[in-house]
Amino acid sequence: MNASELETFLAAVESGPAVVQRDAPLAQYTRFGIGGPAGALVETGVEEEFLRLLEAARRSGVPFLVLGGGTNLIVADEGYPGVILRYRGSRIRWDQGLLWVQAGAELQATVDFSIARGVAGLHTMTRIPGWTGAAVYGNAGAYGHSMHEFVRRVRFFDGQSVASGDNTFCRFAYRESVFKKRKDWIILEAALELPEGDRAELARQAEEIRRIRDSKYPPEMRCAGSIFKNLLFKDLPAPAAGEVPEKVVREGKVPSAWFLEQVDAKGMRRGDIQVADYHANLIYNDGAGTAADLRWVIDELKRRVVERFGLRLEEEVQYVGMPCS
Ligand SMILES: Cc1cc2nc3c(=O)[nH]c(=O)nc-3n(C[C@H](O)[C@H](O)[C@H](O)COP(=O)(O)OP(=O)(O)OC[C@H]3O[C@@H](n4cnc5c(N)ncnc54)[C@H](O)[C@@H]3O)c2cc1C
């Protein structure tokens, strides 16, 4: 980013209604509590204004990135040399059998709305933190359901104008969608189709999941949930597949935690970055952790798994201001 690109962008947006913060400390916007500043962070809850921000960023040439709740991010200690945009539109409405949700709605608000409406599926995503747009982007899911089952339509900005695509268009796969490949496509709203369910039973199951998740991921824990994606058993190289005990395979997937346990990940520490002693795929900031130490731990774990199993783990977490390894 050069200074004039940033100033051109800020001159175009500072007179508008969006909230602008220069030199925004990104540690405050990520659940890890790690990361240096961005040139600016600009946010709005109004779609037309958000589109204006995207257009201003494009015209000025300033590098930019759209973030949500910051719960799946590792931001470099040096920060991000560009502008962070956040769309906070959070309307959730029921229209002709579809649940329409703006990208900035907390996923939990969407989950709660669906339970109150008596429709099923999202209830198992209770306590997945973050916003609904990012949940579509990463095809988030837990306890047997993920977003791809329910998305019927996504409205997004395609770099020029507002476009829309159906479920096939989104090319969903495990923790993947077309939006992960096309970083210039920004999700504005999604329409979800959900089957009928029994409200009381959905609420009961959601409460049970909430209790399990709160003990695994205490709400104050500074982390990103799972660092690595799980692996599809069918894609494992034969020698690695041969070592995996049958009971470990669930829904065709092998938890990456299993491979990590075999290379002594649990309890590993560097600086204030800690691998949980009860879950090898959970890394948290236990004080004043840095992105450099976090990255060191991730790279070391990947190295060990390659060495032991000939297998490359892939991060679920997204990097900001630093390349993927
Ligand atoms: C304690 C804990 C538990 C978790 N458990 C789970 C789990 O069970 N299952 C699961 O799937 N995930 C889980 N996660 C990961 C995380 O919650 C999800 O990935 C979530 O969907 C991220 O949402 P966010 O708004 O915080 O996204 P952010 O972290 O802000 O962004 C993530 C990515 O999405 C992109 N993005 C954000 N908004 C948009 C948009 N509108 N358009 C296009 N791209 C966008 C960003 O550029 C970034 O690359 C967990 C995280 C934590 C901290």
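Keep in mind that this is a model prediction, so the values were computed, not measured.

## Quick look at the overall build of the protein
In step 1: Each helix and strand counted, the protein has 9 helices and 19 strands in total.
In step 2: Scaling as 2.2 N^0.38, a compact globule of 325 residues should have a C-alpha radius of gyration of about 20 Å, and the protein matches this with 20 Å.
In step 3: Each of the three principal axes of the protein carries a C-alpha extent, and together these read 60 × 50 × 35 Å.
In step 4: The buried share among the 325 residues of the protein stands at 42%.
In step 5: Put simply, 63% of the contacts in the protein that link residues at least 6 apart link residues at least 24 apart.

## Observations regarding helix α3 (residues 107–117)
In step 1: When α3 is considered as a whole, its buried residues turn out to be Leu107, Thr110, Val111, Ser114 and Ile115. Burial along α3 is one-sided: seen end-on, the buried residues are contained in an arc of 135°.
In step 2: In this structure, the buried side of α3 is in contact with β6 (92–95), β7 (98–102), α4 (132–137) and α6 (199–216).
In step 3: Glycine 118 lies just past α3 and shows a positive phi near 80°.

## Comments concerning the sheet that holds strand β16 (residues 269–270)
In step 1: Taken together, the 4 strands give an open sheet; going across it, the order is β13-β18-β17-β16, and neighbouring strands pair in antiparallel fashion. On the outer flanks of this sheet lie β13 (223–226) and β16, each paired with one strand and no other.
In step 2: Inspection of the sheet shows strand β17 (residues 273–275) paired to strand β18 (residues 282–285) by 3 bridges, in the antiparallel sense. Each residue of the ladder has a partner; that of glutamine 274, found in β18, is tyrosine 284.
In step 3: With respect to the sheet, helix α9 (residues 291–309) is in contact with β16, β17 and β18, its orientation differing from that of β17 by roughly 30°.

## Concerning unusual backbone geometry
In step 1: Notably, glutamine 96 is not glycine yet its phi reads approximately 50°, a positive angle.
In step 2: Note on glutamine 96: 6 C-beta atoms within 10 Å, which makes it exposed.
In step 3: You will see that tyrosine 143, though not glycine, has its phi angle at about 50°, which is positive.
In step 4: Position of tyrosine 143 relative to the elements: it lies in the loop between β8 (141–142) and β9 (145–146).
In step 5: You can call tyrosine 143 partly exposed: it has 16 C-beta atoms within 10 Å.

## A closer look at the domain arrangement of the protein
In step 1: Parsing the protein into structural domains produces domain 1 (3–87), domain 2 (92–200) and domain 3 (221–320).
In step 2: In this structure, domain 1 and domain 2 have C-alpha centres spaced 23 Å apart.
In step 3: On the side of domain 2, 11 residues touch domain 1, which itself brings 11 residues to the contact.
In step 4: Among the elements that make up the side of domain 1 that touches domain 2, the one with the highest residue count is helix α2 (residues 47–60) (3 residues).

## Some words on the sheet that holds strand β12 (residues 186–192)
Across a sheet, strands are paired by hydrogen bonds formed along the backbone, either parallel or antiparallel in direction.
In step 1: In space, the 5 strands of this open sheet follow the order β6-β7-β12-β10-β11, with antiparallel pairing throughout. Because the sheet does not close on itself, it has two edges, and the strands there are β6 and β11 (162–166). This sheet shows a mean twist of 20° between the axes of neighbouring strands, independent of strand direction.
In step 2: Direction of pairing for strand β10 (residues 151–157) relative to β11: antiparallel, over a ladder of 5 bridges. By the bridge assignment for β11, arginine 155 is matched with serine 164.
In step 3: Along the sheet, α3 contacts β6 and β7; its crossing angle with β6, the most-contacted strand, is approximately 35°.

## What to know about the site of the ligand
In step 1: Neighbouring the ligand are 32 residues, the closest being Gly68, Gly130, Gly133, Ala134 and Gly225.
In step 2: Where the shell around the ligand is concerned, the elements lending two or more residues are β3 (64–66), α4, β8, β12 and β13.
In step 3: The element contributing the most residues to the shell around the ligand is α4, with 4 residues.
In step 4: When grouped by side-chain class, the residues that make up the shell around the ligand number 20 nonpolar, 11 polar and 1 charged.

The rules behind these values
- Residues numbered from 1 in each chain as written.
- Predicted model: local features only at pLDDT ≥ 70, side-chain atom pairs only at ≥ 80, totals over all residues.
- Helix = DSSP H or I, 4+ residues; strand = E, 2+ residues; numbered from the N terminus.
- Rg over C-alpha atoms; globule rule 2.2 N^0.38 Å.
- Buried ≥ 20, exposed ≤ 12 C-beta atoms within 10 Å, placed from the backbone.
- Contact = placed C-beta atoms within 7 Å.
- Arc of directions from axis to C-beta.
- Pairing = 2+ DSSP bridges.
- Axes fitted to C-alpha atoms, helices over the stretch in contact; angles between N-to-C directions.
- Domains from an automatic or database assignment.
- Near = placed C-beta within 6 Å.
- Nonpolar A, V, L, I, M, F, W, Y, C, P; charged D, E, K, R; others polar.

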